[in-house]
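These are the residues of each chain, in order.
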There are 2 protein chains.
Amino acid sequence: MNDARSYAREHAPRFRQQYETLLRIPTVSTLPQYSGDVERAAQWLARDMRAIGMDSAEVLHLPGGRHPLVLGEWHGAGESAPTVLLYAHYDVQPAAMEDGWDSDPFEPVERDGRLYCRGSVDSKLHVMSQLKALESLLASPGGGPVNIKLLLEGEEESGSESISAFMAQQPQRVRSDVAVISDGVVLAPQQPSLVYALRGIVTMELHVEGPAQDLHSGHFGGTLHNPLQALAEIVAQLHDADGRVSVPGFYDDVVEADAAERAQLAHSNAWSERDWEAVAAAPLHYGEPGFNTQERIGLRPTLEINGLNGGYSGPGFKTVLPQRAMAKISCRLVPQQDPQRIFDLLQQHVAAITPPTVRGELRQLEMGSPAALLGRDTRAMRAAAAAYEHAWGVAPLFERAGGSIPVTYALQEVCEELVIMGFGYRDGRAHGPNENVHVDSLERGVNAAIHFLQGIGATYNSLQV
Amino acid sequence: MNDARSYAREHAPRFRQQYETLLRIPTVSTLPQYSGDVERAAQWLARDMRAIGMDSAEVLHLPGGRHPLVLGEWHGAGESAPTVLLYAHYDVQPAAMEDGWDSDPFEPVERDGRLYCRGSVDSKLHVMSQLKALESLLASPGGGPVNIKLLLEGEEESGSESISAFMAQQPQRVRSDVAVISDGVVLAPQQPSLVYALRGIVTMELHVEGPAQDLHSGHFGGTLHNPLQALAEIVAQLHDADGRVSVPGFYDDVVEADAAERAQLAHSNAWSERDWEAVAAAPLHYGEPGFNTQERIGLRPTLEINGLNGGYSGPGFKTVLPQRAMAKISCRLVPQQDPQRIFDLLQQHVAAITPPTVRGELRQLEMGSPAALLGRDTRAMRAAAAAYEHAWGVAPLFERAGGSIPVTYALQEVCEELVIMGFGYRDGRAHGPNENVHVDSLERGVNAAIHFLQGIGATYNSLQV
């Protein structure tokens, strides 16, 4: 069993080079101008899957999808061995120097023990950890301990249309004994964690229109409802003074955590607080009353304004009274909240509070995804815990995470067990400028991934004896 | 006297060509990248002043100013004749195709009886009307009826720093018997009007900052006050539910118009309403209760949001919880409101309502300018009324305008009489996309300007007899 880990250690410098090659491809899935780059990355990944000895590697273009899935398979472990589906995504969020990057967002740069690049933690670290773990296993005398489906998505940051269609139409191609969603972060550099809950998400745009065109604020100012003002007035009515979402019905379906779970989660709140102080560092805490930081992230839904736009906001001043204004809005959801129902509630609320002096419209952007809640005592969860303990030297804590992985819900339906394994750190600035990983993150990720697959192989074999 | 008007009619095609040449120079004074263009336009104007026979033409760079003044003088009417200062501005607001222009904003295009170009009405129409009226007078056997100071500003849209400094430091160079501010619009194509009041203005930016950096809305959403939300909440507290500005003290210094003036202004409300329906065309009227449309424009101060910006507002979605948010805000002021005091009141109000969960700061952008109120029965006002009646065939109505001309207040201090003569139409979309004039606007403007100067000359001469 040590052969795969020796191989990984020996080839670590090349693994790092290949990781950087992938990082240099700007796989921004939300912006059409990057489509060629996303395709190029998919082809690059499929080539590497073939090179490491997988049985097949396909670049799959689904009808209605914008970017391809990459699916590699290896069934050399035999029919009696379990099949493990490894999922990660190779697309990234937009990034530009003017957002505050200290170096080119698509050129990996090492500084002070970290590697900076868009996608470094979210989620090419995970793509490469799984791919290079597989290479290490397949290159070793024992070969792979389990059969593998390596499924890499190119639309995780933009609605996951292709993978949803693929899983709806060909569920047998995904069906496996165990699914691993490889994405996310651990609690702290010295404290690994296993995520057993993810929030869902639904995204939308609020459009407010007033006059028939942009107007001179001198000639018409004071005679009509400025759309920027009206937008602000609508947005200001989405939370109450205490920070609760004030959309009627918003919390109706939320399943409250019991006292035992909240007591267990208290362990991870200390880390969340530390993280908050170090990374968020806002002037003061704010959020739903009655919950601590970890609970606000893991147990509670949110409504966030992700963008505001309208009128003139360049240098100097333009005395325009603009025709329109727009806000980007998203809700993070917790178990039992339905993305469509939440959108409908918001749409009704916006319609109810939009004054007759403007036209307001809330538009859903993506299909949305519900939250996920995983069993904490499954075979896969135990193998994952052992893998973290092996790679970090410390047993992981169990944690509810605040992010969303759209595919989770569908994967749970076609795989018996599911675990989420993230190798990033929370100060990795995913989605922000200067996204980064620690220089040893890839090596740790490869090690944990190898150990996990070996563990799953051993667990299933022991059961068969 | 008809010689100058004959000359103007004869040379109208060339006047139009020269107007278009000036329109093609993108004299955007608020954006540094256009500085070279603003300078080029200033030199072009000074050359034309010399070409038409003015005694002198200077391009004046004031310390601290960003763009030059152009000052042309002609004193050929003799010491006994009055001196008239003609003021207009040659700089323009920013413009870009993506704002909704149907053609290149800096290429004049004629369509359906109108000429479209940024600056066409605001205010190169006025620059060229005065300049070509002077050419016509100086080229005629009688010569100019009055001495002339033609002062053209390049910073009217960006704070008027140079002209303020010039007038503070060398008031004698501006001092005249009569000042004409040539800018603005008449009530309707068939109804000229004389503006006797202008609103002042003060401009500012509201900055709201929250976390130390952009964050992932999954990892931190729900634990801190989103700066976009906080900005919207602050902006929403600047007006009450009825549309009044809710900043304490905002209306304290406003001089209320008496019943007689409101009765007289009722004439122009019909035009303002028609204009509102045709150009603004918002779903419903909105504004300070107790005032009609013309009064809301002419008698009442405003607080407008001119821009909102923050987070991600491009195509698709970015689940960012942003570090900062910004709003551009301006107030239009009426007589006795002091720009600095109004800014101070807003700053205090923003400080009072900014929650401790974010940092909020209101920054003044420009010095601001107070409102202006002019006598309606002066010699200059009577000459202006006669000039409009001559050029339009209809006597003008008296009107309070909603726009601001920063230089007005200072000019009133060094000139005995002041009038405002605008030749544009209110559907000319000043400051918006598809800014335009009617194709006969320049000719009408030249005619009115010739008639006015001849009228002033005659009035002063008759007094001396």
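Residues numbered from 1 in each chain as written. Chains lettered and ligands numbered in written order. Predicted model: local features only at pLDDT ≥ 70, side-chain atom pairs only at ≥ 80, totals over all residues.

Here the focus is the relation of the copies chain A and chain B. Relative to chain B, chain A is turned by 180 degrees and slid 0.0 Å along the rotation axis, the superposed coordinates differing by an RMSD of 0.0 Å. Look at the turn and shift together and you get a two-fold axis relating the two. Most of the interface of chain A is mirrored in chain B: 100% of its interface residues are interface residues there too. (Least-squares fit on C-alpha atoms with pLDDT ≥ 70 in both. Contact = placed C-beta atoms within 7 Å.)

Another aspect to go through is the interface of chain A and chain B. At the interface, 85 residues of chain A touch 85 residues of chain B. Of all the secondary structure elements, the ones that give two or more residues to the side of chain A that touches chain B are strand 11 (215-216), helix 7 (217-220), helix 8 (227-235), helix 9 (259-280), helix 10 (293-298), strand 12 (302-311), strand 13 (320-321) and strand 14 (324-333) of chain A. With nine residues, the top contributor of residues to the side of chain A that touches chain B is strand 12 of chain A. Looking at the side of chain A that touches chain B, its residues break down into 33 nonpolar, 37 polar and 15 charged. Pairing of strand 12 of chain A with strand 12 (residues 302-311) of chain B, which is carried by five bridges, proceeds in the antiparallel orientation. Counterpart to Gly-307 of chain A in the pairing with strand 12 of chain B is Gly-311 of chain B. (Helix = DSSP H or I, 4+ residues; strand = E, 2+ residues; numbered from the N terminus. Nonpolar A, V, L, I, M, F, W, Y, C, P; charged D, E, K, R; others polar. Pairing = 2+ DSSP bridges.)

Further remarks concern the domain arrangement of chain A. All names here are of chain A. The domain architecture assigned to chain A consists of domain 1 (2-198 + 371-464) and domain 2 (200-254 + 301-364). The centre of domain 1, based on its C-alpha atoms, is set 36 Å off from the matching centre of domain 2. Across the contact, four residues belong to domain 1 and seven residues belong to domain 2. Of the residues that constitute the side of domain 1 that touches domain 2, the class distribution is two nonpolar, two polar and no charged. (Domains from an automatic or database assignment.)

All names here are of chain B. Read across the sheet, three strands follow the order 4-5-20 without closing on themselves; strand pairing throughout is antiparallel. Strands with a single pairing partner mark the edges of an open sheet, and in this sheet they are strand 4 (109-111) and strand 20 (436-438). Recorded for the sheet is a direction-independent mean angle of 30 degrees between the axes of neighbouring strands. In this structure, strand 5 (residues 114-116) lies alongside strand 20, joined through three bridges in antiparallel fashion. By the bridge assignment, Tyr-116 is partnered in strand 20 with Asn-436. On top of the sheet, helix 4 (residues 120-139) reaches strand 5 and strand 20; it is set at about 55 degrees to strand 20, its chief contact. (Axes fitted to C-alpha atoms, helices over the stretch in contact; angles between N-to-C directions.)

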